[in-house]
Every structure is written in structure tokens, then in C-alpha cells.
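# Structural characterization, general
The lines below spell out each chain.
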Amino acid sequence: MRSTPAIVAGLIALPVSFFTAFFLVPLIVVLIASLTNGDGQLTFAHYARILFDAYHWDILLVTFRLGLLTTLICVVLAYPLAWYLVRIAKWRAWRRLCVILVVLPLFTSNIVRSFGWMILLGRRGMINDWLVGAGLVERPVRFIGTETGILIGLVYILLPFVVLTIGNALAKVDPSYEHASADLGAGRVSTFYHVTFPLTLPGAVSGAILVFALTVSAYVTPALLSGGQITVLPMLIFQQYSSVFDFHYGGALAITLLVFTLAMIGLASMVSRRGGQ
Amino acid sequence: MAILAIRDVSKSFGRHTALDSVSLTVNPGEFVSLLGPSGCGKTTLLRLVAGFLQPSVGSIEIDGRDVTALPPNKRPLNTVFQNYALFPHMTFLQNVAYGPLRAGVAKQDARSRALEALEMVGLVGLQERYPREASGGQQQRAALARAIVNRPKLLLLDEPLSALDLQLRRRMQIELKQLQERIGIAFIFVTHDQEEAMTMSDHIVVMNAGSIEQIGTGNEIYRAPETRFVAEFIGEANFFVVSPSGCDLAAQPDGFEPSPGSRIAVVRPEHVEVTTDADVSNGFSIGGVVETISGVGGVTSIRVRAGNGLIIAKRLGMEVPIAAGQAVRLCVARHNVHVIGR
Amino acid sequence: MVTWTIRLISLAILAYLTFPLVVIIGASLTTTSFLAFPPQGLTFDWYEVVLTKGAYLSAFANSARLATAATLIAIVMAIPAAIAVARHQFPGKAAFSALLLSPLVLPHLVLGAALLQFGTIIGLTRSFIALLVGHVVIVTPYVMRTVLPLLSPEQKTLEDASRDLGANAWETFRYVTLPQIRPGVVSGAIFAFITSFINVELSIFNTTPELNTIPVLLFSYVEYSIDPTIAAVSAATIIAAAIAIILVDLFIGLDFFSDK
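Residues numbered from 1 in each chain as written. Chains lettered and ligands numbered in written order. Predicted model: local features only at pLDDT ≥ 70, side-chain atom pairs only at ≥ 80, totals over all residues.

As annotated in an unreviewed UniProt entry, chain C carries the name Spermidine/putrescine transport system permease protein and is attributed to Aquamicrobium terrae. Of the comments in the UniProt record for chain C, the one headed Sequence similarities (unreviewed entry) reads "Belongs to the binding-protein-dependent transport system permease family." (UniProt positions renumbered as here; feature names shortened; annotations may be inferred.)

Chain A carries the name Spermidine/putrescine transport system permease protein in an unreviewed UniProt entry, which gives Aquamicrobium terrae as its organism. Here is the UniProt Sequence similarities (unreviewed entry) comment for chain A, exactly as written: "Belongs to the binding-protein-dependent transport system permease family. CysTW subfamily." UniProt's Subcellular location (unreviewed entry) comment on chain A is quoted here verbatim: "Cell membrane".

### Quick notes on the interface of chain B and chain A
When the parts come together, some accessible area is lost, and that loss is often what is quoted as the size of the interface. The interface is formed by 18 residues belonging to chain B together with 15 residues belonging to chain A. Mapped by element, the contributors of at least two residues to the side of chain B that touches chain A are β6 (77-80) and α2 (92-102) of chain B. If one sorts the elements of the side of chain B that touches chain A by residue count, α2(B) sits on top with three residues. Residues of the side of chain B that touches chain A, tallied by class, amount to nine nonpolar, seven polar and two charged. (Contact = placed C-beta atoms within 7 Å. Helix = DSSP H or I, 4+ residues; strand = E, 2+ residues; numbered from the N terminus. Nonpolar A, V, L, I, M, F, W, Y, C, P; charged D, E, K, R; others polar.)

### Considering the UniProt feature "transmembrane region" (unreviewed entry) in chain C
On the UniProt side, "transmembrane region" (unreviewed entry) is annotated at positions that read residues 12-37, 66-86, 98-122, 128-148, 184-205 and 230-254 of chain C here. Between the end C-alpha atoms of residues 128-148 of chain C there is a gap of 30 Å, over a span that is 95% helix and 0% strand.

### Quick notes on the environment of P100(B)
Residue and element names in this part refer to chain B. By the secondary structure assignment, P100 is in helix α2. Residues P100 and R146, 46 residues apart in the sequence, show an inter-C-alpha distance of 9.5 Å. Residues within four places of P100 in sequence aside, it is in contact with V105, A110, R113, A114, V149 and N150.

### So, the sheet that holds strand β11 (residues 238-243) of chain B
Residue and element names in this part refer to chain B. With antiparallel pairing, the four strands of this open sheet are ordered in space as β12-β11-β13-β19. Bordering the open sheet on either side are β12 (246-248) and β19 (338-340), each of which pairs with just one other strand. Sheet twist, expressed as the mean angle between neighbouring strand axes with direction ignored, is 40°. Judged from the three bridges that link them, strand β13 (residues 263-267) and β19 form a sheet pairing that is antiparallel. Directly across from A265, in β19, lies its bridge partner V339. (Pairing = 2+ DSSP bridges. Axes fitted to C-alpha atoms, helices over the stretch in contact; angles between N-to-C directions.)

### Focus on the sheet that holds strand β18 (residues 327-332) of chain B
Residue and element names in this part refer to chain B. Pairing within the open sheet is antiparallel, and its five strands lie in the order β14-β18-β15-β16-β17. Strand pairing shows two members of the sheet lacking a second neighbour, β14 (272-275) and β17 (309-316), which therefore form its edges. Strand-to-strand twist in this sheet, taken as the mean axis angle between neighbours without regard to direction, amounts to 45°. Two elements, strand β15 (residues 284-296) and β18, share six bridges in a ladder whose sense is antiparallel. Bridge assignment links F284 to a residue of β18, and that residue is V332.

### Structural notes on the UniProt feature "domain: ABC transmembrane type-1" (unreviewed entry) in chain C
Mapped onto this numbering, the UniProt entry annotates "domain: ABC transmembrane type-1" (unreviewed entry) at residues 60-251 of chain C. With 77% helix and 0% strand, residues 60-251 of chain C has end C-alpha atoms that lie 26 Å from one another.

In C-alpha cells form, the structure reads like this:
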């Protein structure tokens, strides 16, 4: 196919105009709103408010703490499972079933998945029944409305994503490297530490950064499991748009989240590109 | 005492039998090639010895010690992998020092031993290269250095030269053989290339369909193949039916069912004499018509339609006083007819 | 030893991933009027209640219409876009593919807020079309991402061969390119449909009590009350998702980790 301008224009005209109209322009509208006041004059007051208000610092701190912990726990849990799926589970049908079980949560709404945890983590839910029944705690533990509850939910939401990312990185490591390591006298743990882990690190790191970005921008799970007790950045954004109707301040919050996410994605692609060399 | 003793080893994957009751011994310092077409089980056998696979039945001894149940990292041998499997995130030096370090050798000693091994394979000055920065031949040498640095009792090589181009391959064959003689480690070398096996080995183990067909020196295997498979796989061969009255050049076993009790003889093409003299009757002979004549590398192949098939003859030199379509007589001396069992 | 530890940990993690879904399905079968797991008794009454409740039915219908329309439009935009990126050189190509792929990773909540704000300016809010444009933006990248790898340089040789044999551009697309990219279109369409069907963050800005989608409706219910009908609806979506995955696995294969 020759690349005449007419052919290219014909191919890209519709997507370009659609994405400009309903993606790019709306984001620009938000950016402009975040930099203006009600009279349409340029101001940085909304950003100043985010930066200098202790209330925001608390929210940002909670948001980032949850993001960091979720990412860390996800990576630690994902490695063994990904290893199992890629290297240990040999029986094809069983491995397919495992992959389906990993992917199924991804195909289910965050609402539904968080709802499952609301049932389990409630004051009289099954987890508390077990904990009390096993004598581990005397009184039911409060999960809903605590960071622990949100953390359990967020790890649950994002774990499949990390398993797939690390699994992909692992599948790309030629097993002959591990064979060579064993052949040269290294045990399994030593082989993992010296060979497999360094080779999967770029994939795992870029996956982890993306998960961090996804966690920080998650709305549904924190909203449901916070029980109104804890606020994270996306919840604050939603309040501004749905009940306070302050598009200027809300816009500044949205742009903050957006810029942060873009920075994270840029970092992730840099890491994976350097790893690919 | 044998350095390696494989006793009645079988290996099946599900219903597929990859190796069927294979036994083999290798003596210290010996260069043994496992030769056969792809799927014959040679790589499976190598992986069983290395410990990456467990035999379904049978035992494997290295240096008098049963290693059948040992994992690869506990076996006193090393492997040169087909694709080298050099760790991409380590330099040549780090790759070669990996084995000594895992064995608990101090850093400085590991380094000097690695440098020594790199020197042995001719990679002096390239120790800081990463595998991706090196040529195929250099990677091949580094893989070799990594495998010999621990001074194993046995070195396994899984088609290590197959990724190299022909010229480099020829050179590496000779270097590899010289290195093996110098360090005196027994080599087990897997290949599907008969010429490579002939050039380098003390003994060749010809394998087919999960079994060993024949073990012998290159010369023995060429001159006295025990099975039709061996005769066909090593060099070119003509086959004829042998009846009580002698070798029948008019009857090739393909194309008709040989009568029960009949045997088959192998005649190498260089032992088929082509002549225009109709009266010669030295040994067995048959008349025929030349179909094609082709010459490669100073050897001329003459294909003659005779009896129920084509007979191939070879002679040295590019000039032959025969043309396609000509009637000729083919003669085979009695001592050049090698009768095989099946 | 090490292997068995990993096996055990993996099974525990798989249980963790599956358990909440099992709990929802179980809780939807309880005979009690509050949520109980393990369920007490066994009844399908709550599913019957769902089927007689207008709000659920219309939300289901809306979600299905929305996801279908968004997926179809996404296919129409993504195929030419992917061909342009894979087969042609043009200025701004990198920016073009970044523009179309970036909704994959940008926070949907921010996009939803932006579309609401933009919509109030041009008068496009709280309507099916307002929902649709947002969903098209977030699902188009899925189709594009699954089609792109199938338009590899090796495939281009087939297209050249087709042109060489006298086919015109359309015939080449119809008989050579399209059959090659069909698996990508199908899997991309399934991912797109599901992404649209389960979305909350984007839809929540433009839904109304009269025009609701199933996840947003569930979200608003869950915030105020928890009863077994919610579990029944959730269970239905889980089972639908399971069927979709099994279909994807059968037709395209989900065995991400084999080979390579």
C-alpha cells in the first residue's frame, strides 16, 4: 500500500476528530478551569490550596500510602503465583483453569468485587466469625472504614493485573538460563536470586509502577470500603464534581491526579525500555 | 573405571516413549558423539544425564556414584547449551565466575579462575563484554569457558556449533577437539551432523527412534554398519537383496517385499565400479543405463538405472568418459559387499 | 521442598482471588432477608425479585445497549487507525497512536469529570449519547491494541502478494487483511464490551435514576443497603463474565504463559 496523504487522511480522520472532540478538548477544558476563577481570570489559587492545605496533605498521604502498600503486597504475592503458573503448573487443563480464575476478577466490576469484601469484612462477616471462632481476637475487628479494609480490597482488585505482568516477564525468560544456573551448581533459591529475579525485574518494576498509578486513581473500592471514614484523592475529585459543583477546584485536583499518573506511566515505560536493551 | 554409566534407561512422556532401554558407558577423557536425526532421543538422553529430566526406568552413574536422584546442581558435570544460555545481564567474566561463586569459592579466586578459563578458549581481553555485544563465535567460546571452569568430570555439549556458519563451525570443531585433548575431560557431544561427529569423536553413538542403533568408531560405523538405518544415515549407500546364491544387484529391497529369510547388503557408492567394457565380471555385476552425472568437490556421482532401481556410483575426479544415456556395466567386488541383519 | 511451598502459596492466592466471588454467588442463594454466607437454605427467589424489579431490568438493558454500541463504534474507528499506524508513514504518527492508546492508562474518573464539564458547555449531559461518547473513548484502545500486533511486517508480505495477484486495495483488505486480524478484532471487541459493561468511574457522572447502568445502580444501592437482590445481580454478572472468559479461552486462548 502506498502512503498517499489522501489514504492516510481517510484512515485517521474519524478517530482523530472523535478523540480530539471527546478526549483531548474535555481535558483541556478541565485544565483551563483549574487555572481560572469564576470570572475567567488566570489564577493558581486552586493549586495553591491543594499544596498548602494540611487537609489535602492528609488525603494525599493516605492515598499514596495505600498505593505504595498495595503495590508492594501485590508484587510479593504475584511472584509465587506467576512462577507457579509459568514454571510449575504443567498440566495444561489445570493451568488454563488457574488462568481463568486469575482473569475472572478482571472481567468483573469493581463494584461486585468490593461488594464481596463488604460481605466478608463486615462486623459480623465471615472473616470476623473465623477470627473470633479461632480465638485470635476477642471482639470483632473493624475492617470497613479502616485503611486495612481498603488495602485488602485494593490488593484484591489489582493482584490479577500484577500476576499477568510478572507472568509475562517470567514467560519471556528462557528456561535454559535457569537450567544453566542449576548446571553450574546453583540451588533453586540461588538461581532465582541471581538469574530469574534480575531478568524479570524491569517487567516487574514497570508493572508495579502502573499498579501504583491505578491504585492512586481508584475510586470505587475506597469509596465502598471506607464507610465514609477515610477519603482518598479520587473521592475528593468526585465530591467536587457531583455534590460541590466546584469545577475549578475539582479541575485542579483532577489535573494533579492526571499529571501524576502520566509521570508514573512515563517512568514505567522508561524502565521497561531500559530493561529491553 | 567408566566416568559415566547409563544402565537400561527409559524415558516416556505420557504415552510417547522418548528413550527405550538405553545403556552406554563413557571412559575418562573420551570424546563421544550422540548422533541421530531430530527426535531420535539424543537430547533427551543428554538432559537425563545432566539431571533436567528424571528417567522413568534405569539408573545413571557418574564416576562410580549413582546420581539418578540428584538435581542438576549436585551433579559433577557441566553443560554447553545449544543456544549457549549465557546470562544476558552478566558480563563474560561474571558468567564464567558464576559456577565457582556458587560453589563457595572466594571472589578473588573465582575471578582468577574465570580469567584462566577465558584465556583457555581465547577470549583474553573480552571479559567485560556482555553476551549481546559479542559475536556468535565469541558467545560459543564464553559458554565453553563457563562450562569448563569448574573442571567437571564430564562435559555435555548440546549441538553447540549448530548456530555458527560453516567456516567458523569447521574451525571450532578442530579447536574443540584440541581443547578436549588438552584438559582431558570426557565430552559427550550431541549432533545431527555426521561429518561433525566423524571429525571429532573417539566413539559415535548412532541413535534412532529412542534406541541406540550402533556404537563404534567413525571408521567402524562407516565400513560395517549393523543396521540399514546406520548405513543410510552415515554417508550414502546402495542396498541389495542377498539370496543364498549371492548379492543380487538387480534386486533393491525398496519396491518389493523381500522373501522371508533373505538378508540385505550395503554397498557404498565408491565401491561400485562403472565400466563400458561389457565382459568384465569381477564379483557381482549388472548392466544398466546412465541417468544423470553430477560433480561436486572433485567427486563425480553417477546414477545408473539398473534392475529394479537406481544404483549410485562415485569416483574421484571430475572427468569421466561416460555420458548420460549410455549403456554401462556396474561391478562390485565380493569383499565390498557388507551384509547386515535387517 | 521449595516447589511445594510455592504450590501451597499459589493455591492460597488463587483461593483469595476466587473466594469473594464464591461468597457473592453463595449469598445470593440464601433464604434469609439479610446477606448470609454460608447461605442459609437454598433459593432462587432473589433472582425472581430482580427480574420483577424495573430498575434492574432497564439498567441491564441500558448497559447492554451502551456496551454494544460503544464496541461497534470502537471497531469502526480502531481498524483503520491500526492500519494507518502499522502500514503508513505520516507526520504525527507517534502522537496519533499515543492519543488513541492513552485512555487505557489514564484515570477514568478524571475523564468522566472532564466529559461532564465539557458536556455542560456544549449541552451533552446525562443522556445516552453523553454516556456513549465516553465509553467509545475508553474501549477503542482495547480493540486497537489487540489488532496492532496482527498487522506485523510479515503479514504485509501477504498483502503485497495479494496486490501483485491483481487485487485492489479493498479486495486485499477484505480477503487478506481482515481474515488475518479477525482474532484480534474478536478478542478486542470482547474486552471492549466487558470494559464498557463493568464501568463505574466514567458512567457515574452522566447517569440519572431514569438512565442508569447496572454497575452504577449497584454502586448506589450498595452505598445505602445490602440485601440479597444485590448479591443476585452481582452473581449474575460474575457468571456472565465467567462465560465470556471461557468463550475467549475457547476461541482465542488465554494461555498467556505457554510457549514463547
